[in-house]
Structure formats: structure tokens, C-alpha cells
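Listed below, chain by chain, are the residues.
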Amino acid sequence: MAILEVKNLYKCFGKTEVLKGINFSLEKGEVLAIIGSSGGGKTTLLRCLNFLETADKGKISVDGKVIFDGDEHKKISDEEIRKNRLHFGLVFQQFNLFPQYTALKNVTLAPNLLKVDTPENIDASARKLLDRVGLSDKVDNYPCELSGGQQQRVAIARALALNPDILCFDEPTSALDPELTGEVLRVIKDLKNHNSTMLIVTHEMEFAKKVADKVIFMADGIIEEMGTPSEVFDNPKSDKTKAFLNKSFEVF
Amino acid sequence: MFLDVTLNLLQNFLITLKLFGLTLLFSLPLGLIISFGSMSKFLPLKYIVKVFVWIIRGTPLMLQLIVFYFGPGLVVSMFEAEGVNNGFVDLMRTLNMADPLVTAVIAFVINYACYFSEIYRGGIESIQIGQYEAGYVLGMTKTQIFFKVVLLQVVKRIVPPMSNEIITLVKDTSLARTITVYEIIWAAQDYVRNDGLLWPLFYTGVFYLAFSGILTLLFGFVEKKLNFYRG
């Protein structure tokens, strides 16, 4: 059974329709890359999954359990939204680390507040996570003392600390200098090797091609094309995909 | 003589400090509550609070002191003439009988809470939405996000404008004499009146300077303490 299933998802802001019926599913351990030009609805889709936006119509199920149903018009309680959110982790384009806490405290804050374990265990597993993203020597540093790439790796560790079923990345390298993107992408690749289920919105085409199991090309609020990386990148069927890929690769 | 004057003025400066301390104690938290009101999504509450802040910030503190000092007495006599007696009249009666210092504290607290509320609002609204969203996706509640993520960042940003306002408060306390709170400047004026001495009046400035000097150092220390992170 698919770990994530999105059915017929709609979202509009005022009169602008941003998502116009999104359908896809994701198997456990799969990596899905979402590509497409800005304004195509990629980020909005991620935000709907994380309940930062509420979709207007459609269904979202995780592990067979419906966590959002636009047809049920009862209001979901804050408590329930918080619980549903924990199925997902989200890594932001702008990192959004908490500046007043050290790298370690950034990772342990939420698990401690949610009391998922004893403080000692939370501390130990946070150190393990920071080690895994290559920052064991930076646990006591504040975000302002870290480079963008290091900050983003802390943010990944922070998202992993709550053991989400699906980890979402919203253009994780777009705010980074080119020489720093590599270290973040390596961490994501390493997560794939550990069978993490991931959903990555990205402009790094080469990376999407290499790491993703499945690629979605979104344009104007619909899924224009979906398939394996070789299907989408090497044999795109839709004209829009072709045009987008031509533009993306012509710089090289 | 100099020592006598110093001791006497110091004693009356304690009244000033008392008014200062009590005002801060109550207006700092009240200001936060008012700032929540002015940011409320419930529009009637938001606009009532905004109008209230406008009235308080838009009229002289001295006038507010006079209203709080004479107002309750007027209300009581008005209602007594009508033969009305209820909880509200009782409250006004209590306020009318209250020590002028208490009346002054009430007026100062309301006035400063309104100014503080705008500083809080500025600080809270300057926090990037991403900080809240990061908290949300980590499953935190709104309260947890406010206290564990946002508050310290707000405090760091509002220390400079707050120190400004608090140092103004030190000197504004002298307005309380208009409603018969005997404080340092009044005590100095008695020297002019009774002994024909002018210098004690000038001398009061030293007390204000010394105290605001201490506060300046204190705020500098707090700012430095909060400089352990940037952003």
C-alpha cells in the first residue's frame, strides 16, 4: 500500500487557482522529485501536505489513513492538525532555524516539548543525527556561526528528529551558494540510501535525475508529466515539459 | 545643610522610585496583553483596543492623571444625586478615597502599557513567518511557539526602544505631583518657598541623572547578554 496518496487536490488563493486536481502516490522508501518553473504550485503542494495551507478540495492519506478530506466540512481541531503534521517533516528553503538555540537545541527542542522520549535519549539521538549530517563538531554552535549549507543540514537533522514518515524538502538548496549545495545534496542522497521516503521540490535537475525514483513535472497547477527520471528527462511527452527541460539544460 | 537637603531629597526620590517600580511591574505584562488585543483576528476587539491606545497615547499623561484623580469623585456625586448605588459606584468611591500614589500608579500603568503594547507589537510582527512555520511543522502548539521560539527573539529586538520608554518614565514620574503625590521636585520646591533656596531644585537633576545612568548601564548589560546570537 502506498505510504502517501494524494487525490484530486485543489487549492486557490482568492481567484488564483494554484492547484487544480493533483493526483499521485508514493511508496515507502521512494524518492519523488517535483520539478517545474516557479509559480507552478510545487511549494503550495508541499505546504498543503504539511497543513501550512489548507487545501480546498481533495484527499490526503498517509499509510491508508485519510488525514485530510476536503469533502468533510467539519473543522479539524488544532490538536488533530498537529498530530497529522507529524507524518511529515519539512525542510525549508530558508532553513528557518531558531537563532537563539545551538544546533543541538534546535534538534532537541520539539522532541522535548512533545515529550517523545526522555531528555537523555532525545539528546543522544539528536547528537547521532547531527553526526549523520556531518556536524558532530558543531553541536554547540549557534546558527549564525554556521554556513548556509551547515544550517540546512541542521534543519534536516531537526526534521528527522521526529521520525516523520515522509520528509519533504522545499527547494533545499535554492538559498545556498553553489559550492554549498553539494554538501546538502549528499546528505539527502545518504538518506535515500537509508530508505527514507522523501518528496523533494527542486531546481537541481541533475540531482533529481540521479536520486529520484519518480519525477513529477508541475506546470500551472497540474501534473503535466509523471514517471521515472529516464521517462521524464530523456523522453518527455508533453510540450511544456520539453520546453522546460530545454530551458533548464541549455545553460550547460 | 547640604547633607540635610541630600537626605531629604533622597527620601522623596524613593517615592519617585516607588511610582517608577510599580508602574513597570504592572505595565510590562499589561502592555503584552494589550498588544495581543491590537493584533487580534477578532476585529471588534482589535478596533476597541486600537481606539483605546489612540486615546491614551493621544492625550497628555497629565490630563489622564487629573481625570483619574477627580473623575471617580465626580461620578460618585453624580450617581449619589440620582440615588443610584451599585458595584460600579462602590468602585468609584474606593478609587476616590484611594491614596494619590495609588491613583498615580493606575494612570501611569495604563499610559505606559499602551506605549509598551506598540513596542511589543512591532517586535512580534518583525519575527519572520518562517519561525512560526518551522514550529508548526515540528508539531508545536501556538503557545509553545510563542514562548519557546518567538519571545526571546522579540525581547532582543525591543530592548532598545523599551529602554527609551523606561528612561522617559523615570522623569515622567514628576507629573504625579499634579495630583498631590509628594515627590522629589515638590520637596525641592518647598526649599524655595520656605528657605529661599534655589539650588535644591537644580540638585534634583543629579538624582534623576544618577538613576537613569544606572538604567542605561543595565540596558547595555542586557543588550550585551542577548548578543550571544545574531538574527
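Residues numbered from 1 in each chain as written. Chains lettered and ligands numbered in written order. Predicted model: local features only at pLDDT ≥ 70, side-chain atom pairs only at ≥ 80, totals over all residues. Heavy atoms only, no water.

Across its full length, chain A holds 9 helices and 10 strands. Against the 2.2 N^0.38 benchmark of 18 Å for 252 residues, chain A shows a C-alpha radius of gyration of 18 Å, consistent with a compact globule. Overall size of chain A, expressed as C-alpha extent along the three principal axes, is 50 × 50 × 35 Å. The burial tally for chain A puts 56% of its 252 residues in the buried class. Expressed as a percentage of contacts within chain A between residues at least 6 apart in sequence, the contacts between residues at least 24 apart total 65%. Between the averaged position of the 33 positive side-chain charges in chain A and that of its 37 negative side-chain charges there is a distance of 2 Å. (Helix = DSSP H or I, 4+ residues; strand = E, 2+ residues; numbered from the N terminus. Rg over C-alpha atoms; globule rule 2.2 N^0.38 Å. Buried < 20%, exposed > 50% of the residue type's maximum accessible area, 1.4 Å probe, protein only. Contact = heavy atoms within 4.5 Å. Lys, Arg positive; Asp, Glu negative; His and termini not counted. Charge placed at Lys NZ, Arg CZ, Asp CG, Glu CD.)

The partner chain B presents 21 residues to the 24 residues of chain A that form the contact. When chain A packs against chain B, the two sides together hide about 2100 Å² of surface, and 64% of this comes from carbon and sulfur. The largest share of the area that chain A buries against chain B comes from A:Phe98, A:Gln100 and A:Leu113, three residues that together contribute 26% of it. There are 1 salt bridge connecting chain A and chain B. In this structure, B:Glu133 and A:Arg47 form a salt bridge, with 2.6 Å as the shortest nitrogen-oxygen distance. Within the residue set of the side of chain A that touches chain B, elements represented by two or more residues are helix H2 (78-85), strand S6 (88-91) and helix H3 (103-113) of chain A. When the residues that make up the side of chain A that touches chain B are grouped by side-chain class, the tally is 16 nonpolar, 3 polar and 5 charged. (Buried area = accessible area lost by both parts, 1.4 Å probe. Salt bridge = Lys/Arg side-chain N within 4 Å of Asp/Glu carboxyl O. Nonpolar A, V, L, I, M, F, W, Y, C, P; charged D, E, K, R; others polar.)

Let us now look at the confidence of the model for chain A. On average, residues of chain A score 87 in pLDDT, and 99% of them are at 70 or above. Least confident of the elements in chain A is helix H9 (residues 239-249) of chain A, whose mean pLDDT is 81; most confident is H3(A), at 93. (pLDDT = per-residue confidence, 0-100.)

For the rest of this paragraph, the subject is the sheet that holds strand S9 (residues 214-219) of chain A. Note: strands within a sheet are paired through backbone hydrogen bonds, in either parallel or antiparallel orientation. Residues and elements named next belong to chain A. Spatially, the 6 strands line up as an open sheet ordered S6-S7-S8-S3-S9-S10, and their pairing is mixed. Of all the strands in the sheet, the pair left with one neighbour each is S6 and strand S10 (222-227). Taken pair by pair, the neighbouring strands of this sheet meet at an average axis angle of 20 degrees, ignoring direction. Sheet strands in contact with helix H5 (residues 148-160) are S6 and strand S7 (166-170), and its direction is about 170 degrees off that of S6. Contacts from H9 reach strand S3 (31-35), S9 and S10, with the element oriented near 100 degrees to S9. (Pairing = 2+ DSSP bridges. Axes fitted to C-alpha atoms, helices over the stretch in contact; angles between N-to-C directions.)

Moving on: the layout of surface pockets. Empty space within the largest pocket amounts to approximately 1400 Å³. Lining the largest pocket we find 45 residues, and of these A:Asp78, A:Arg85, B:Lys41, B:Tyr136 and B:Lys142 sit closest to its centre. Within the residue set of the lining of the largest pocket, elements represented by two or more residues are strand S5 (65-69) and H2 of chain A together with helix H5 (100-125), helix H6 (129-137) and helix H7 (142-172) of chain B. With 7 residues, the single largest contributor to the lining of the largest pocket is H2(A). Here the residues of the lining of the largest pocket are counted per class, giving 20 nonpolar, 8 polar and 17 charged. Size it by volume and the second largest pocket reaches roughly 440 Å³. In terms of lining residues, the second largest pocket is bounded by 25 residues, among which A:Leu160, A:Ala161, A:Leu162, A:Asn163 and A:Pro164 are the most central. (1 Å grid on protein atoms, 1.4 Å probe; cavity = no way out; pocket = protein on both sides within 12 Å on 5 of 7 lines; lining within 4 Å. Points joined across faces, edges and corners; volume = space filled by probe spheres on them.)

Attention now goes to helix H3 (residues 61-82) of chain B. All names here are of chain B. Between its first and last C-alpha, H3 extends 31 Å over 22 residues, near the 32 Å set by a 1.5 Å rise per residue. The sharpest bend along H3 reaches about 35 degrees and sits at Phe70, with the proline Pro72 one to four residues further on. Looking at H3, one finds that the buried residues are Leu61, Gln64, Leu65, Gly71, Pro72, Gly73 and Val76. Contact partners of the buried residues in H3: helix H2 (43-58), helix H4 (87-97), H5 and H7. Once H3 finishes, Gly83 follows within two positions and takes phi at roughly 75 degrees, a positive value. (Expected span 1.5 Å × (residues − 1). Bend = angle between axes of the 7 residues up to and from the residue.)

Residues and elements named next belong to chain A. The 4 strands are arranged S2-S1-S4-S5 in an open sheet whose pairing can be described as antiparallel. Strands at the two margins of the open sheet, each flanked by one partner only, are strand S2 (16-26) and S5. Each neighbouring strand pair of the sheet contributes to a mean axis angle of 20 degrees, computed without reference to strand direction. Judged from the 8 bridges that link them, strand S1 (residues 4-13) and S2 form a sheet pairing that is antiparallel.

All names here are of chain B. Relative to the elements of secondary structure, Leu28 occurs in helix H1 (residues 2-38). Relative accessible area serves as the criterion here: at 27%, Leu28 is assigned to the partly exposed category. Separated by 88 residues in sequence, Leu28 and Phe116 place their C-alpha atoms 6.9 Å apart. The contacts of Leu28, once residues within four sequence positions are left out, are Phe116, Tyr120 and Met162.

Residues and elements named next belong to chain A. A positive phi angle, near 45 degrees, is found at Glu171, a position not held by glycine. On the secondary structure map, Glu171 appears in the loop between S7 and helix H6 (178-193). Residue classification places Glu171 among the buried residues on the basis of a relative accessible area of 11%. A positive phi angle, near 50 degrees, is found at Asp220, a position not held by glycine. You can call Asp220 partly exposed: its relative accessible area is 45%.

Moving on to the nonpolar core. If you look at the biggest cluster of nonpolar residues, it comprises 88 residues, and the most contacted ones within it are A:Leu4, A:Leu9 and A:Leu199. If you tally residues by element for this core, the top one is H7(B), at 12 residues. For A:Leu199, the contacting residues outside a window of four places in its chain are A:Leu4, A:Phe24, A:Leu26, A:Leu32, A:Ile34, A:Leu46, A:Leu49, A:Ile166, A:Leu167, A:Cys168 and A:Phe169. In this structure, A:Leu130, A:Val139, A:Ala159 and A:Leu176 belong to the second largest nonpolar core, which totals 33 residues. (Core = buried A, V, L, I, M, F, W, Y, C linked by side-chain atoms within 4.5 Å.)

Enumeration according to the criterion identifies 20 aromatic pairs over all chains in this entry. Look at A:Phe51 and A:Phe68: their rings are 6.4 Å apart centre to centre, the planes differ by 70 degrees, and that puts the pair in the edge-to-face class. Here A:Phe51 is found in the loop between helix H1 (42-49) and strand S4 (57-62), whereas its partner A:Phe68 is found in strand S5, with 17 residues between them in sequence. Both residues of the pair, A:Phe51 and A:Phe68, count as buried. Where B:Tyr69 meets B:Phe70, the ring centres are 4.9 Å apart and the plane angle is 75 degrees; that geometry is what we call edge-to-face. Judged by its relative accessible area of 26%, B:Tyr69 is partly exposed. Judged by relative accessible area, B:Phe70 falls into the partly exposed class, the value being 49%. One aromatic cluster is present, formed by B:Phe2, B:Phe13, B:Phe20, B:Trp199, B:Tyr203, B:Phe207, B:Tyr208 and B:Phe211 through successive ring pairs. Of note, A:Lys57 hangs over the ring of A:Tyr10, and the distance from its end group to the ring centre comes to 4.5 Å. Just above the ring of A:Phe98 sits the side chain of A:Arg158; from NZ or CZ to the centre is 4.6 Å. (Phe/Tyr/Trp six-rings, centres within 6.5 Å; stacked < 30°, edge-to-face > 60°. Lys NZ or Arg CZ within 6 Å of the ring centre and 35° of its normal.)

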